[in-house]
Each structure stands twice: as C-alpha cells, then as structure tokens.
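Structural overview
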Amino acid sequence: MTVRTRFAPSPTGFLHVGGVRTALFSWLYAKRHQGKFVLRIEDTDQERSTKESVQAILDGMEWLGMDYDEGPFFQTERYTRYHEVAQQFLNEGKAYRCECSKERLEDLRTAQLAAKEKPRYDGHCRDKNLPVSDKPFVIRFKNPEQGTVSFHDQVYGEIHVANSELDDLILVRSDGHPTYNFAVVIDDIDMKITHVIRGDDHINNTPRQINLFQALNAEIPVFAHLPMILGEDGKRLSKRHGAVSVLQFKELGVLPHALLNYLVRLGWSYGDQEIFSINEMVDRFDLKNVSRGVSSFNYEKLYWLNQHYQKNDPAEEVAESLRWYFEQAGIDVTKGPKLTDLVAIQAERCKTLAEMCQMSLYFFTDSIEYDEAAVKKHLRPVILEPLTALYERLQKVDVWEKDHLQECINDISAEFDINMGKIAQPLRVAVTGSGMSPSIDMTLTLLGRERVLARLKTALEQLKIRAQTNS
Ligand code: GLU
C-alpha cells in the first residue's frame, strides 16, 4: 500500500501556524513512508473563501519547502462529482430529499433545547420519498439508526459513537453546495487517501464520515487527530498571542527550518531530542509518538531555535533567506559584502533575519544615519588627532584584510598611548553610525576600503568643525 496523506485547508483567512503543524505531520508521514502528499483547498464556503487566502496557503507552503506531490485540488472544481454521488445515494435510497422549512427546523431546535435534548434533525422527511418538485430542498444522508461506529484514532485511541447519537447529515444544501463532511469523504476516497491527519476539532465529524465511507463501500482511512495548540496562557492560540499566520513568521525573520523544527516538537517527541534536520524529522517521525496533551506555543523557544539555525545551517541557505529582507527594505545586495560573510558575523548577534538585515543596512548604503547619542559620547574633540592618524594609516593599507586593519588600530593606540577600545569605538561610530557592530576588524573588512575611508573622512570633517566651535 502506498501511503497517501493530505492537507486540506479552508482558504478563509491567513494560514494559521496550527494548520501548518497539521500539514507538517501529514507531509512527514508521507515522506517517511515514501508516500504521496496531496494539497486540497476546501473552498466550498464561497462567502468566506478568498483568492488571497489561497495564495497565502500556497506561499506559506512554498516558503516552508513543504512540497506536495499532487494538487492543489479545489473543491469548487469538483461539484459535478459531488452531485453525481448525491444522485447515486438518492437512487440507492441512501439519502433523501428533505423539504423541511427553516421555520420548522428552528421550532424543532427550540423545543429540543427547552426539553434539554441535544438539537438534532428528527427524520421528518426520511421515509417520505418526496418527489422532485420546485420546492427548496436539501439532500440528507440516511444515517444508520442502529449500531455503533468504532475506530482506532492513532492519537486518541479507541473511539465508539452510537448511531443513535448521530442525525441525518445534510449532504447538499438548498443552494447546491455540498457540505464539508460530504465533500471531504468523496475527496478522500477519490484521492485514495490512506491516512487522515488533521486537527482534533474534526474528531466529532469522523463517525459521520465513516458512515459515508461505508455507504460508498470504500476503505476507511486511518485517522489521527492532533490536539490543539494553545498560547502560553492556556487559551487557544490566536492573534492576541503574537504572530500566528505563517507568513507573519517569515516577516519577523524566522528561518523556515526553525519554524518546522519548532512545530515538529509541538505535540511530537523523539526522546528528548530538540534539534532536527529535515531529514531527521522525516526519518524519525511517527504517529505513535504524537502526544494527546495540548501543546502551548512558546515564542522564546522558537527564537532560540532560529538563532541556532542562523548559526548552524549552511551559510548559503541562511544567506538565501536573508536576501528577502534586504529586498523588502529596497536594498541592492550587490552593493555590499557577500551575504554569507554577513551571516558569519551577525548570526550570533541577532535573534532573527529581520533584525540581521536591520542591523546590517550600513554595509549596503551610501549614506548612514548617525546615532546622536553615540556621536556625542564617542566622537569628541580629544579623538580628532588619533583618528586622523588612523585615517592616514588606513589609506596606506595594501591588502584590505582584517589582520592588517587590526594592526593599524593597534599601532595607533600604542602611538597615542590609549587603549584599543578608545580608538575602536569612535571609529565604529564613524563608519557605521552607531556604537554597536560586529568586531571592528570584520566590520572594516566587510565595509570595504572606499566606504570606510569616505565615512571616516566625513566624520573627521565634522569633528573638526565641532572642535573649532567648541574652542
Ligand atoms: N478544511 C478543514 C479545515 O480547514 C480540514 C478538514 C480535514 O482535514 O478533514 O479545518
């Protein structure tokens, strides 16, 4: 048997990180078993489905590198198929036409609630065999009245639900749209899905779906329902907690690998291992080790992982991700150091790629912004002479390389008998605009001769003016 899993999001908003965790588990399971992973867009709710949301799903999947073998399939393109099955059910007496009015259903519901009963359809039209007419109608499934639906959920274990608990499900609404439970079963059958891995908000739908599988004489897939993801306050993870949309994590500067590693551990474990390459995730993922407990989202841990991968993933990969942030900031990355060199010196210093970009802008721009407080503190008249000497010395450097540059700084600090920091810090402010940058030798190296000398020259001119006005 070839394992076939699917991710079946409804495009009614952004792609929630909880949905991505579901997608990841399905993707890993398929990969682990050399199976196929299918993407299906469940867009039958036409009022709430949007093109932007479909795009956000596709972009999110692409950003994370979660490739699908088949799809994206759109349910709205499969209506003929759903209507064909509904007709087949009607012909076989497995479904029926129901003409109950909204008012009747509302009255029924009110009466049931008043009697403290679970609201459910009472089967009013079930045996009427209503003929085709112009009246509005829905198609309902004749749910078995006897017996129990049992299945073994890979996460929740044995589940039994008596058919007496289930009412006759609407398959097709009066406007011709199929319902979720109906479309999902036909799709899972047609797409030969062997393992349905999804959020546990669907666990109550599963017995109804199993009855539909049976009515279609189809093989019932394996089910695994994943517990919800909560915020750290124990409430369902939502915008209140921070980023929840997968593309928001991209904007924040999280590496795809870090987010995947974070998500794989959200409800799944492999001993106490925390760090997983993608290949390790694929090799080790198993539904057996998915926990039944809810998991809570911890942003600090995500950032910790992000920094880990900034430092440890191949610099080319990190640099490739970093490029996007510069593009967003309107920076031409060809006008500065190699991004891999930047990653090497900044990864340790920044939590995210967005921060890395923000803290590296001075490597790419012609003019820099000065932090006034740093200028005031470090570019004082006393430094004019040693900094001028350093400028002259740097002009003579043959090979613009970190050891030579450091040597210049050391020589000047010896010559003027000031400690290294006392000259390095003003130099840093002069060439980067702020008092914070990677080590001064690397900062100078990556800035390049031209930028360093030009910026130093400007800073010295201003320092001179200030020294004169002060005196
Ligand atoms: N479209 C459903 C949702 O977004 C998923 C249904 C399923 O996986 O069966 O919740």
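All of these numbers come straight from a predicted model, not from anything done at the bench.

Digging into unusual backbone geometry
With omega at 0°, the peptide bond leading from Gly71 into Pro72 counts as cis. Its place among the elements puts Pro72 in strand E3 (residues 70-74). One non-glycine residue, Gln34, adopts positive backbone phi at about 50°. Within the secondary structure layout, Gln34 lies in the loop between helix H1 (17-32) and strand E2 (36-41).

Comments concerning the UniProt feature "short sequence motif: 'HIGH' region" (unreviewed entry) in the protein
In this numbering, the UniProt entry assigns the feature "short sequence motif: 'HIGH' region" (unreviewed entry) to residues 9-19. A helix fraction of 27% and a strand fraction of 0% characterise residues 9-19, whose end C-alpha atoms lie 7 Å from each other.

Examining the nonpolar core
Ranked by size, the top nonpolar core spans 108 residues in total, and within it Phe249, Leu259, Phe297, Leu387 and Leu394 carry the most contacts. Look past the residues within four positions of Leu394 in its chain and what remains in contact with it is Trp400, Leu405, Cys408, Arg449, Val452, Leu453 and Leu456. One finds Ala95, Ala183, Val184 and Ala215 within the second-largest nonpolar core, a separate group that totals 31 residues.

Description of the sheet that holds strand E4 (residues 95-98)
Strand order in this open sheet of three strands is E4-E5-E8, and the pairing throughout is antiparallel. Strands with a single pairing partner mark the edges of an open sheet, and in this sheet they are E4 and strand E8 (170-172). Direction aside, the axes of adjacent strands within the sheet are offset by 40° on average. Across two bridges, the pairing between strand E5 (residues 138-141) and E8 is antiparallel. Counted as the bridge partner of Arg140 is Ile170 from E8.

Focus: the packing of aromatic side chains
Under the defined criterion, the tally for this structure stands at 15 aromatic pairs. Relative to Tyr82, the ring of Tyr79 lies with its centre 6.1 Å away and its plane at 55°, an arrangement referred to as tilted. In this pair, Tyr79 and Tyr82 both sit in helix H3 (residues 79-92), three residues apart, roughly one turn of the helix. Look at Phe249 and Tyr299: their rings are 6.3 Å apart centre to centre, the planes differ by 15°, and that puts the pair in the stacked class. Separated by 50 residues along the polypeptide, Phe249 in helix H7 (residues 246-252) and Tyr299 in helix H10 (residues 299-312) bring together distant segments of the chain. Residues Phe249 and Tyr299 agree in their burial class; the two are buried. Counting every residue linked through ring pairs, the aromatic cluster contains Phe25, Trp268, Tyr270, Phe276 and Phe285. Across from the ring centre of Phe25, 5.5 Å away, lies the NZ or CZ of Arg21, which sits over that ring. Over the ring of Phe137 we find Arg97, and its NZ or CZ is 3.8 Å from the ring centre.

The rules behind each value
- Residues numbered from 1 in each chain as written.
- Predicted model: local features only at pLDDT ≥ 70, side-chain atom pairs only at ≥ 80, totals over all residues.
- Heavy atoms only, no water.
- Helix = DSSP H or I, 4+ residues; strand = E, 2+ residues; numbered from the N terminus.
- UniProt positions renumbered as here; feature names shortened; annotations may be inferred.
- Core = buried A, V, L, I, M, F, W, Y, C linked by side-chain atoms within 4.5 Å.
- Buried < 20%, exposed > 50% of the residue type's maximum accessible area, 1.4 Å probe, protein only.
- Contact = heavy atoms within 4.5 Å.
- Pairing = 2+ DSSP bridges.
- Axes fitted to C-alpha atoms, helices over the stretch in contact; angles between N-to-C directions.
- Phe/Tyr/Trp six-rings, centres within 6.5 Å; stacked < 30°, edge-to-face > 60°.
- Lys NZ or Arg CZ within 6 Å of the ring centre and 35° of its normal.

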